[in-house]
Structures are given as C-alpha cells and as structure tokens.
Amino acid sequence: IQMFKASRPPKPVVVDAAGVAFVPGSAEAGSPVATLPPVISSATLPRAGFWIRLAAVVLDAILMGMVCGFLSSMWHGFGVFPFWFAAYCVAMWATKGTTIGGIICSLKVVRLDDRPIDWGVALVRGLGGFLSLFVAGLGFIWVAFDDEKQSWHDKIAGTTIVRVPKGAALL
C-alpha cells in the first residue's frame, strides 16, 4: 500500500540577485541552501577603466622586467622585452584569463560572446596590442574615451576587461 501513497513534487530552488539559493516556503525560508559563484561576464560585471588597467599593466611590466633582467644576466641576448611581455600576456590570458597584475587589481579578460578565452583569441589580442602601441599608444589610451571601455586590441579580438567582485575566484 505504501507504493500508492502520493508523493509531493520537490520544491523549487530560487536564486536571488546576490547568487544565494534558497527554497521558498521552507522552515528555513531565507536561510541559504548554497552560494553560487558570481557569473564573470561582459554583460553582468562593470568594465575596467583606463587607470585600473594601467595599474595592472605596470605591475606586469615590473614583474616581466625583473624576469627578463635576471634571465638576460644568465643568458646574454635574452632581451627584446616587448616580445617576452606579449608572450607572457598571451600565455596568461589563454590559460587563466588574466595576468598577475590583473589578479592583484581584480581584473579579468572576457570575450563579448561569453565564450572562454582560447589561444587564438589571446594571440590576436596580443598581436593587436602591438598595433595599439605602434600609434603612440593611442590604442591603449582609447579605453578612456570609448563608451564600451575597449582598447583597439580588445575591439580586434572581441574582448573586454571586467572588474571582478571581491571574493570571486580569478583562476
């Protein structure tokens, strides 16, 4: 007779704007069931402006300058800083979606279509960075005047940089 007993359908789980899931109408209504990580997207997070991006690049340049200086003292001719800086950025964007300077400043590179950054996009963005630099750095300064807060290499690669909220995992 037990198998004919009516069963109740499971109660839906609702996620509020802060990403906290709860079951409405339960004894613990309002107490969280689980906390979902924030969605890292160009549509949901604020875009990074010129000054915070500059701070992240300066931190990365200092780091790579120290590495290149150390390695050039070991292996003569290891110079060509722009090449190694671009290689570092491309590798970090493709594998982590950010650089060490980006982690410190809570920044992440995201695609406008919300797909993950892959090696092709990272390479196009890195090569586009040389174009942004070649015209007296105007491609980088463009972020300060662009409504979408994109540099020239962001526009070329279909990416942007967003500010990630504190506590969200960047790696």
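About the thresholds
- Residues numbered from 1 in each chain as written.
- Predicted model: local features only at pLDDT ≥ 70, side-chain atom pairs only at ≥ 80, totals over all residues.
- Heavy atoms only, no water.
- Helix = DSSP H or I, 4+ residues; strand = E, 2+ residues; numbered from the N terminus.
- Buried < 20%, exposed > 50% of the residue type's maximum accessible area, 1.4 Å probe, protein only.
- Contact = heavy atoms within 4.5 Å.
- Expected span 1.5 Å × (residues − 1).
- Arc of directions from axis to C-beta.
- Phe/Tyr/Trp six-rings, centres within 6.5 Å; stacked < 30°, edge-to-face > 60°.
- Lys NZ or Arg CZ within 6 Å of the ring centre and 35° of its normal.

Glancing now at the overall build of the chain. Of regular secondary structure, the chain possesses six helices and five strands. Counting from the amino terminus, helix and strand elements in the chain follow one another as β-β-β-α-α-α-β-α-α-α-β. Classification of the 171 residues of the chain by burial places 35% in the buried group. Within the chain, contacts between residues at least 6 apart in sequence are counted, and of these 59% link residues at least 24 apart.

The next subject is helix 4 (residues 119-134). Taking 1.5 Å as the rise per residue, helix 4 with 16 residues should run 22 Å; its terminal C-alpha atoms sit 23 Å apart, in good agreement. Turning to helix 4, its buried residues number three or more, namely V121, A122, R125, G126, G128, G129 and S132. Along the axis of helix 4, the buried residues cluster in a sector spanning 165°; they form a single face. Away from its buried face, by an angle of more than 90 degrees, helix 4 presents the exposed residues W119, L127 and F134. Among the residues trailing helix 4, A136 stands out with phi positive, at a value near 55°.

Within the chain, A136 stands out as a residue other than glycine whose phi angle is a positive 55°. Tracing the sequence through the fold places A136 in the loop between helix 4 and helix 5 (138-141).

The geometry of an aromatic ring pair is captured by the separation of the ring centres together with the interplanar angle, meaning the angle of the planes. All chains considered together, the criterion is met by five aromatic pairs. Consider the rings of F50 and W51, whose centres lie 5.0 Å apart with planes at 80°: the pair is edge-to-face. Between the aromatic rings of F83 and W84, the centroid separation amounts to 4.9 Å while the plane-to-plane angle is 75°, which identifies the pairing as edge-to-face. Residue F83 is classed as partly exposed on the basis of its relative accessible area, which comes to 46%. The class for W84 is partly exposed, based on a relative accessible area of 30%. Above the plane of the ring of W93 lies R125, whose end atom (NZ or CZ) is 4.4 Å from the centre.

All we've got here are geometric facts, nothing functional implied.
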